[in-house]
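Working through the structure, step by step
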Amino acid sequence: VQINGLEHVSLAQIENTLEMSEKLVFTLDPVEIKETLLATYPEFSQVDVSVNIPNTVAITVTERTPVLIWRMAGRSNLIDAEGMPFSLRENFPVIDLPVVQAEEFVTTQAEPVLTAEDLSFLEQLFGQLPPELLVKPGVQPMISPVMVEAVLQLSEVAPLGANLVYTTAHGLGWQDQNGWFVYFGNAEEIYMKYAVYEALQKQIKKDGLKPSYISVEHVHAPYYRLE
């Protein structure tokens, strides 16, 4: 097996997954090999496979690039720019990635996930399928690309040592080292909300108050609660 594009997954892992050393080359199905790799390694965004006589299998993979770590329900997932999750392996460089401690939430899939057999049956019934049904099986996004960008923006302005958080009720935010929580709501207007937060924080400090909670979820209606 000739494999190109591996960065964090080893050749030995791929060979153990495929177990092709004792198989005849003409019995190998490139589509099956591709689906096996995509199902086993969510960190692969793309896999191309060609089987060539007399004895060569050529595989090219594209690995996802992690941009943040999303911790939820006791599990840590690497997330790429498209919001796709994949496992936190030992050899992934994650030291400088922002980490979000998220409240558990239920993900809903707006599009159906169909097997190859389902699609074949529907094609026989209806002919060419509409684009919304042509959904590839496999890993689905954990968060939206817009949310990913918002996390990266928030990590730029968050105070050093602050812990990024996410809740279904208040959206993105952080816990300040002084103890209070700051919430920015949805993934929109992060920089503008931060400017409002800075102004509000200065006023709170000037008045000698000790907040437990500051909200700029609605940029034109910020508020705070005292301890």
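Scoring rules and cut-offs
Residues numbered from 1 in each chain as written. Predicted model: local features only at pLDDT ≥ 70, side-chain atom pairs only at ≥ 80, totals over all residues. Heavy atoms only, no water. Core = buried A, V, L, I, M, F, W, Y, C linked by side-chain atoms within 4.5 Å. Buried < 20%, exposed > 50% of the residue type's maximum accessible area, 1.4 Å probe, protein only. Helix = DSSP H or I, 4+ residues; strand = E, 2+ residues; numbered from the N terminus. Contact = heavy atoms within 4.5 Å. Phe/Tyr/Trp six-rings, centres within 6.5 Å; stacked < 30°, edge-to-face > 60°. Lys NZ or Arg CZ within 6 Å of the ring centre and 35° of its normal. Salt bridge = Lys/Arg side-chain N within 4 Å of Asp/Glu carboxyl O.

1. Looking at the nonpolar core
Within the largest apolar cluster, 32 residues are counted, with the highest numbers of intra-cluster contacts made by W70, L154, W174, F184 and Y197. Every element with two or more residues in this core is listed here: β4 (68–72), β7 (99–102), α4 (145–157), β8 (163–167), β9 (171–175), β10 (181–185) and α5 (190–206). Once residues lying within four places of it in the same chain are set aside, the contact partners of F184 are L154, H170, L172, G173, W174, I190, K193, Y194, Y197, V216 and E217. The next biggest cluster of nonpolar side chains, apart from the first, holds 15 residues, and it includes M20, L37, Y41 and V57.

2. Considering the packing of aromatic side chains
According to the stated counting rule, one finds 10 aromatic pairs in the structure shown. Ring geometry for W70 and Y166: centres 5.5 Å apart, planes at 50 degrees, overall tilted. Placement of W70 in strand β4 and of Y166 in strand β8 is noted, with a sequence separation of 96 residues between them. The class for Y166 is buried, based on a relative accessible area of 16%. Connected via pairs of aromatic rings, a cluster forms that spans W174, F184, Y194 and Y197. The residue whose ring lies beneath R225 is Y213, and the NZ or CZ to ring-centre distance is 4.9 Å.

3. Quick look at the pattern of salt bridges
Under the criterion given, the structure shown has two salt bridges. Between D80 and R64 there is a salt bridge, with its nearest N and O atoms 3.1 Å apart. Note that D80 is positioned in the loop between β5 (75–79) and β6 (85–87) and R64 in the loop between β3 (56–63) and β4, a separation of 16 residues in sequence. Each of the two residues, D80 as well as R64, counts as buried. In this structure, the salt-bridge partner of R64 is E82, at a minimum N-O distance of 3.8 Å. Of this pair, R64 sits in the loop between β3 and β4 while E82 sits in the loop between β5 and β6, and the two are 18 residues apart along the sequence.

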